[in-house]
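Letter by letter, the chains look like this.
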Amino acid sequence: MATLAEVLEERTAEAAPELIERIARDRIRCYACGHQCPIPEGAVGVCKVRFVKDGRLHVPWGYVGGVQCDPIEKKPFFHAYPGSRAYSFGMLGCDLHCGYCQNWVTSQAIRDPSAVVPPLSATPEGLVRDALRSKARAIVSTYNEPLITSEWAVAVFKEAKAAGLVTAFVSNGNGTPEVIEYLRPWVDLYKVDLKSFDDRHYRQLGGRLEPILDTIRRLHDNGFWLELVTLLIPGFNDSDDELKRLTEFVAGVSVDIPWHVTAFHGDYKMLEPQNTTPAMLLRAATIARAAGLRYVYAGNLPGQVGDLEDTCCPGCGETLVSRRGYIVREMKITRDGKCPSCGETIPGRWN
Ligand code: SF4
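Residues numbered from 1 in each chain as written. Predicted model: local features only at pLDDT ≥ 70, side-chain atom pairs only at ≥ 80, totals over all residues. Heavy atoms only, no water.

(A) Up close: the overall build of the protein chain. The number of helices and strands found in the protein chain is 9 helices and 19 strands. Computed over the C-alpha atoms, the radius of gyration of the protein chain is 20 Å, within 12% of the 20 Å expected from 2.2 N^0.38 for a compact globule of 351 residues. In the protein chain, buried positions account for 56% of the 351 residues. Across the protein chain, the fraction of contacts at a sequence separation of at least 24, relative to all contacts at a separation of at least 6, is 65%. Taken together, the 40 basic and 43 acidic charged side chains of the protein chain have centroids lying 2 Å from each other. (Helix = DSSP H or I, 4+ residues; strand = E, 2+ residues; numbered from the N terminus. Rg over C-alpha atoms; globule rule 2.2 N^0.38 Å. Buried < 20%, exposed > 50% of the residue type's maximum accessible area, 1.4 Å probe, protein only. Contact = heavy atoms within 4.5 Å. Lys, Arg positive; Asp, Glu negative; His and termini not counted. Charge placed at Lys NZ, Arg CZ, Asp CG, Glu CD.)

Next comes the structure, spelled out in structure tokens:
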């Protein structure tokens, strides 16, 4: 019986020319993610889904590992089309290997033999049709790391934009200048998991901090609507000092970037740390506000974090979007993104 890697080898297309550089007669550099692998003939990249064969870089194409229609708040985007539906699809594989991944069945499908997900054939037209049938406002590449499958996402998003859908990436942010430039015309919303502010922690997860910080700056400067999430893991990334440095970095890019701090529960290979408590989220939120961030949210513990699920006007304090978990309970923000009480403009994509 064919292995998953062999099955996926059949479902490929050639890499976008913008994302490769031929650095030797038999070696191609891939720029789809921050690893920038120099891949020799016959070898795979760190992500294990992009490989060089017959002098060409082959990349994933023509399948999904799963699809689902979710509230856009689940991605989470809180400043983009609140209350709308987000049609979500993923492929397989990741360039990192986080021990606590909540999508490990798809992200670690090729590394970990216990993650068994068969690919399902798909076309961009079929996915967009399905999204429209599901009454989605947005279509989102998620579940695996979308950067490593950027060509397929762009093919889907070209169809999606022609059909009037909003497009989004839910990503670890381990990007490159080349891939951001490639995605810029096609991706509207971008969520980055900023997992830590310590390069040693990132190396444990299989990455480095600097490419992620660089990607965050570039996404903001290039006009993507950007929201950040940090999963707060007790004993891993929750020290006051690390949170202070992390949130000061975000505020240095823009105080208007929404920052979601979310609660950890044991998953996959990381079962040891205790679960995050509401008090821990509130402490992190206090640090973020002291750093200057104007939109701080606490996630994964619905109903236990006071008003940290709501969007409040930083001008007058009015609750503009009231939420419980992924459910929007009340929305007062105007269609052009203003507070109806004081007229303050709230950054985001509202209409
Ligand atoms: S996507 Fe990243 S990990 Fe995969 S081949 Fe390209 S640079 Fe390497």
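(B) Expanded view of the packing of helix 3 (residues 124-133) against helix 4 (residues 150-162). Orientation of helix 3 relative to helix 4, taken along the N-to-C sense of each, is 55°, at an axis distance of 9 Å. With respect to helix 4, the element helix 3 is oriented oblique. Crossing geometry of helix 3 relative to helix 4 is assigned as right-handed. Across from Pro-124, Glu-125, Leu-127 and Val-128 in helix 3, the residues of helix 4 making contact are Trp-152, Ala-155, Val-156, Glu-159 and Ala-160. Residue composition of the contact of helix 3 with helix 4, grouped by class: 7 nonpolar, no polar and 2 charged. (Axes fitted to C-alpha atoms, helices over the stretch in contact; angles between N-to-C directions. Parallel < 35°, antiparallel > 145°, perpendicular 65-115°, else oblique. Left-handed = near helix turned anticlockwise from the far one by under 90°. Nonpolar A, V, L, I, M, F, W, Y, C, P; charged D, E, K, R; others polar.)

(C) Fine view of the layout of surface pockets. Computed from the structure, the largest pocket encloses a volume of approximately 1,000 Å³. Along its surface, the largest pocket is lined by 40 residues, and Lys-75, Gln-102, Asn-103, Lys-191 and Asp-193 are the ones closest to its centre. At the level of secondary structure, the elements contributing two or more residues to the lining of the largest pocket comprise strand 8 (66-71), strand 12 (166-171), strand 13 (189-193), strand 14 (225-232), strand 15 (259-263) and strand 16 (296-299). The leading source of residues in the lining of the largest pocket is strand 16, at 3 residues. (1 Å grid on protein atoms, 1.4 Å probe; cavity = no way out; pocket = protein on both sides within 12 Å on 5 of 7 lines; lining within 4 Å. Points joined across faces, edges and corners; volume = space filled by probe spheres on them.)

(D) How the structure looks around helix 3. Within helix 3, burial applies to Pro-124, Gly-126, Leu-127, Val-128 and Ala-131. If you follow the buried residues of helix 3, they end up packed against strand 7 (63-64), strand 8, strand 9 (85-90), strand 11 (138-141) and helix 4. Count one or two residues on from helix 3 and you reach Lys-135, which has phi positive near 60°.

(E) The nonpolar core, seen in detail. Formed by 76 residues in total, the largest nonpolar core has its most connected members in Ile-139, Leu-183, Tyr-190, Leu-194, Ile-216 and Trp-259. In this view, Ile-216 contacts Val-192, Leu-194, Leu-226, Leu-228, Phe-249 and Val-253; residues no more than four positions away in its chain are not counted. Grouped together as the second largest cluster of nonpolar side chains are 12 residues, Ile-72, Tyr-81, Ala-86 and Val-166 included. (Core = buried A, V, L, I, M, F, W, Y, C linked by side-chain atoms within 4.5 Å.)

(F) Quick peek at the side chain of Ser-141. Counting through the fold element by element, Ser-141 comes out in strand 11. Judged by relative accessible area, which is 2%, Ser-141 ranks as buried. Sequence-distant contacts of Ser-141, defined by excluding residues within four places in its chain, comprise Phe-89, Pro-146, Ala-153, Phe-157, Ala-168, Phe-169 and Val-170.

(G) How the structure looks around the packing of aromatic side chains. This model, assessed by the stated rule, comprises 7 aromatic pairs. Note on Phe-78 and Tyr-297: the rings are 4.8 Å apart at their centroids and 70° apart in plane angle, and the pair reads as edge-to-face. A residue pair is termed long-range when its members are at least 10 positions apart, and Phe-78 in the loop between strand 8 and strand 9 and Tyr-297 in strand 16 qualify at 219 residues. By relative accessible area, which is 2% here, Tyr-297 ends up buried. Look at Phe-169 and Tyr-190: their rings are 5.5 Å apart centre to centre, the planes differ by 55°, and that puts the pair in the tilted class. (Phe/Tyr/Trp six-rings, centres within 6.5 Å; stacked < 30°, edge-to-face > 60°.)

(H) Inspection of the site of the ligand at higher detail. Around the ligand sit Cys-30, Ala-32, Cys-33, His-35, Gln-36, Cys-37, Ile-39, Gly-45, Val-46, Cys-47, Arg-50 and Ile-148, and that is every residue in its neighbourhood. When atom positions are compared with the pocket grids, the ligand is found to occupy the largest cavity. (Near = heavy atom within 4 Å. Sits in = over half its atoms within 2 Å of the grid points.)

(I) Representation of the sheet that holds strand 18 (residues 319-324) within the structure. Read across the open sheet, the 3 strands follow the order 17-18-19; overall the sheet is antiparallel. The open sheet has two edge strands with one neighbour each: strand 17 (311-312) and strand 19 (327-331). Strand direction decides the pairing type here: strand 18 and strand 19, joined by 4 bridges, are antiparallel. Its bridge partner being in strand 19, Arg-324 is matched across the sheet by Ile-327. (Pairing = 2+ DSSP bridges.)

(J) Spotlight on the pattern of salt bridges. Applying the stated criterion across every chain yields a total of 20 salt bridges. Note that Lys-161 is salt-bridged to Asp-188, the shortest N-O span being 2.8 Å. In this pair, Lys-161 is assigned in helix 4 and Asp-188 in the loop between helix 5 (177-183) and strand 13, connecting sequence segments 27 residues apart. Classification of Lys-161 by relative accessible area gives partly exposed; the value is 29%. For Arg-200, the salt bridge identified is with Asp-198, shortest N-O distance 2.7 Å. The structure contains a network of salt bridges with shared partners spanning Asp-70, Lys-74 and Lys-75. (Salt bridge = Lys/Arg side-chain N within 4 Å of Asp/Glu carboxyl O.)

(K) Fine view of the sheet that holds strand 11. Ordered by their spatial adjacency, 8 strands build an open sheet running 8-9-11-12-13-14-15-16, and the pairing between neighbours is mixed. A strand with exactly one partner marks an edge of an open sheet, and here the two such strands are strand 8 and strand 16. With strand direction ignored, the average angle separating the axes of adjacent strands in the sheet is 20°. As defined by bridge partners, strand 11 adjoins strand 12 across 4 bridges and the pair is classed as parallel. When the bridges of strand 12 are listed, Ala-138 appears paired with Val-166. Against the sheet, helix 4 engages strand 9, strand 11 and strand 12, with an angle of about 155° to strand 12.

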